[in-house]
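As a plain string of letters, each chain reads:
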Amino acid sequence: MTENLRMLFVDDEVKVLDGLRRMLRPMRDQWEMVFAEGGEEALKLMEARPFDVIVSDMRMPGMNGVELLTEVKRRHPQTVRIVLSGQASRETVLKAVGPSHLYLPKPCAPNDLKAAMDRLCVLRTVLEAPRLRGVVGEVECLPSLPTLYESFMAKVAGNDARVDDLGAIVAGDVGMSAKVLHLVNTAFFGRSGRTADPMKAVEFLGLETLKALALTVHVFDRFDPSGPMCLDVGQVCEHSLQVAIRARRIAVSMGADAEGAEQAFIAGLLHDVGKLVLVAKLPEEYGQAITLSGSQGLPLEQAERKILGASHAEVGTYLIGLWGLPGAILEVLAFHHCPRKSQEPISRASALTAVHIANANANAAQSAARPYVATPVDKEYLRVLDLENAEQVACAAAV
Ligand SMILES: [Fe+2]
Ligand SMILES: [Fe+2]
């Protein structure tokens, strides 16, 4: 049996806390709820016993919401950080972007909070190790390819920036795509309803917000190719883009509609984000997993499980889930190595099938330059779909 979620609500107004208490009373069998009248009290309570989730107001005397959540991120990175705020000014929202995972407008309907918590409970079953949840909880952005990052920053800083040009750059980069999708899918800028299309996300954010995000809040970052790395991040990003392009072609050749094809593209682009998290946050252990994979001939995801207790698939799914992306994308991230484990109905035209084949195919094309063993294609899965030869599928899709 899973334990109840421990949730801490923070607001300086007693009336607001009383209102939350009343409104959320029906949830008390599922959530253990504690209420604090300010940041100092919240931090003391967290010190005494950790919480799974903190839900904080923004404007509070003394320590404000941004300061509190920044401190919570530092001291308790595994705690999921949610802003519940009635203030909707762009400046306020921009300040909250860094230290928080999710932004809920006040007043918040109990069902919205419940939906967010239900989603979190599912994610916690994907990534069970609290230590790894803490590692993911610290991630504010993912590294971008230096060439794309620089061209994005140059465009955004210039006088003739255009949203569609920026969208095209973002849609070719793992880190920037993931971040813009995070911002629009977690209601930081008032959007409700999920999207997996980075071009639409860029359009929705608009030029001024993109400028502020890039130049003032610094939500994007480039990786430093000269730094020591256990895995070539540039190669991971190039591989991801290759998989995205191949997956879109495969999905189309299998009869997916335009939306399905775009879903295959973005799921392909994001399928290995867990690797970027592990390279950046646990380079030593990740290096051991890569060495183990190469020396023992073990597929990398199995070596990751032995060394870290989870693979990049679970780590990536948890991050992208915290960042609010649609469930269909999470399904692909979670099962891209082992599609038979997915609970969804099996289908030739699914993004999961397309990414699984595209990934195996791109790996086969890159085998010479890799220090680890890639997961092979799942022949049984393909046999059930009557697609025995993944190479043929990919080749047929390429013409
Ligand atoms: Fe992978
Ligand atoms: Fe991959």
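The preceding data block contains the structure.
Structure report, in brief. (Residues numbered from 1 in each chain as written. Chains lettered and ligands numbered in written order. Predicted model: local features only at pLDDT ≥ 70, side-chain atom pairs only at ≥ 80, totals over all residues. Heavy atoms only, no water.)

Moving on: the overall build of the protein. In terms of helices and strands, the protein carries 20 helices and seven strands. At 21 Å, the protein has a C-alpha radius of gyration in line with the 21 Å of a compact globule built from 399 residues. Its C-alpha atoms put the protein at 65 × 55 × 40 Å along the principal axes. Put simply, the protein has 399 residues, and 57% of those count as buried. Partitioning the contacts of the protein with sequence separation of at least 6, the portion at a separation of at least 24 is 71%. As presented, the protein carries roughly 17400 Å² of accessible surface, and 51% of it is formed by carbon and sulfur atoms. In the protein, 42 side chains carry a positive charge and 49 a negative one; their mean positions are 2 Å apart. (Helix = DSSP H or I, 4+ residues; strand = E, 2+ residues; numbered from the N terminus. Rg over C-alpha atoms; globule rule 2.2 N^0.38 Å. Buried < 20%, exposed > 50% of the residue type's maximum accessible area, 1.4 Å probe, protein only. Contact = heavy atoms within 4.5 Å. Areas by Shrake-Rupley, 256 points an atom, 1.4 Å probe, with all protein chains shown as cover. Lys, Arg positive; Asp, Glu negative; His and termini not counted. Charge placed at Lys NZ, Arg CZ, Asp CG, Glu CD.)

Here the focus is the sheet that holds strand E2 (residues 31–36). Here five strands make up an open sheet; going across it, the order is E2-E1-E3-E4-E5 and the pairing parallel. At either end of the open sheet lies a strand with only one pairing partner, and these are E2 and strand E5 (102–105). Each adjacent strand pair in this sheet contributes to an overall mean axis angle of 20°, direction not counted. Across the sheet, helix H1 (residues 14–23) lies against strand E1 (5–10), E2 and strand E4 (80–85), angled at about 170° from E2, the strand it touches most. (Pairing = 2+ DSSP bridges. Axes fitted to C-alpha atoms, helices over the stretch in contact; angles between N-to-C directions.)

All right, on to the nonpolar core then. Phe9, Met117 and Phe152 are the most contacted members of the largest nonpolar core, which totals 133 residues. Counting residues per element, this core draws most heavily on helix H11 (residues 233–253), at eight residues. The contact partners of phenylalanine 152, leaving out residues within four places of it in the chain, are Leu166, Ile169, Val170, Met176, Leu210, Ala214 and Phe220. (Core = buried A, V, L, I, M, F, W, Y, C linked by side-chain atoms within 4.5 Å.)

Here the iron ion (ligand 2) is held by the protein donor atoms His239 (NE2), His271 (NE2), Asp272 (OD) and Asn359 (OD1), which lie 2.2 to 2.3 Å from it. Here the iron ion (ligand 2) binds four donor atoms, and the angle range of 84 to 174° at the metal identifies the geometry as irregular. Within one chain, the residues serving as donors to the iron ion (ligand 2) are arranged as H-x31-H-D-x86-N. A spacing of 3.7 Å is found between the iron ion (ligand 2) and the iron ion (ligand 1), which share aspartate 272 as a donor. Placement of histidine 239 in helix H11 and of aspartate 272 in the loop between helix H12 (258–270) and helix H13 (273–281) is noted, with a sequence separation of 33 residues between them. Like histidine 239, the residue aspartate 272 is buried in the burial classification. (Donors = N, O, S within 2.8 Å, 3.2 Å for Na, K, Ca; no water. Tetrahedral: all angles 85-135°; square planar, octahedral: opposite > 155°, others 65-115°.)

Asp272 (OD), His312 (NE2), His336 (NE2) and His337 (NE2) make up the full set of protein donors to the iron ion (ligand 1), lying at 2.1 to 2.5 Å. You can call histidine 337 buried: its relative accessible area is 8%.

Attention now goes to the pattern of salt bridges. Summed over the entire model, instances satisfying the criterion amount to 22 salt bridges. Put simply, aspartate 52 and arginine 124 hold a salt bridge, and the shortest N to O gap is 3.2 Å. Within this pair, whereas aspartate 52 is found in the loop between helix H2 (39–48) and strand E3 (53–56), its partner arginine 124 is found in helix H5 (residues 110–126), the two being separated by 72 residues in sequence. Among the residues examined, aspartate 52 registers a relative accessible area of 17% and is labelled buried. In this structure, lysine 114 engages aspartate 118 in a salt bridge whose closest nitrogen and oxygen atoms are separated by 3.0 Å. Highlighted residues: lysine 114 and aspartate 118, both in helix H5, separated by four residues, approximately one helical turn. Residue classification places lysine 114 among the partly exposed residues on the basis of a relative accessible area of 25%. Put simply, Glu47, Glu71, Arg74 and Arg75 are held in one network by salt bridges that share partners. (Salt bridge = Lys/Arg side-chain N within 4 Å of Asp/Glu carboxyl O.)

Our focus in this paragraph is the environment of proline 143. With respect to the element layout, proline 143 can be found in strand E6 (residues 143–144). Residues proline 143 and aspartate 173, 30 residues apart in the sequence, show an inter-C-alpha distance of 9.3 Å. Those residues in contact with proline 143 that sit more than four places away from it in its chain are Gly175, Asp221, Arg222, Phe223, Val233, Cys237 and Leu276.

Taken as a whole, this structure holds zero disulfides when the rule is applied. With no disulfide partner, cysteine 108 has as its closest neighbouring cysteine sulfur the one in cysteine 121, 16 Å distant. With no disulfide of its own, cysteine 237 has cysteine 141 as its nearest cysteine by sulfur position, at a separation of 12 Å. We classify cysteine 237 as buried; its relative accessible area is 2%. (Disulfide = S-S within 2.5 Å.)

Looking now at the pairing of E2. Sheet faces and side chains relate simply in a regular strand, where the side chains alternate between the two faces. Across six bridges, E1 lies against E2 in parallel orientation. Of the residues in E2, the one forming a bridge with methionine 7 is methionine 33. A crossover links E1 with its parallel partner E2, the connecting element being H1, and its sense is right-handed. (Right-handed = clockwise from strand over helix to strand, strands pointing away.)

Remember that the coordinates give geometry; whether it matters functionally is a separate question.
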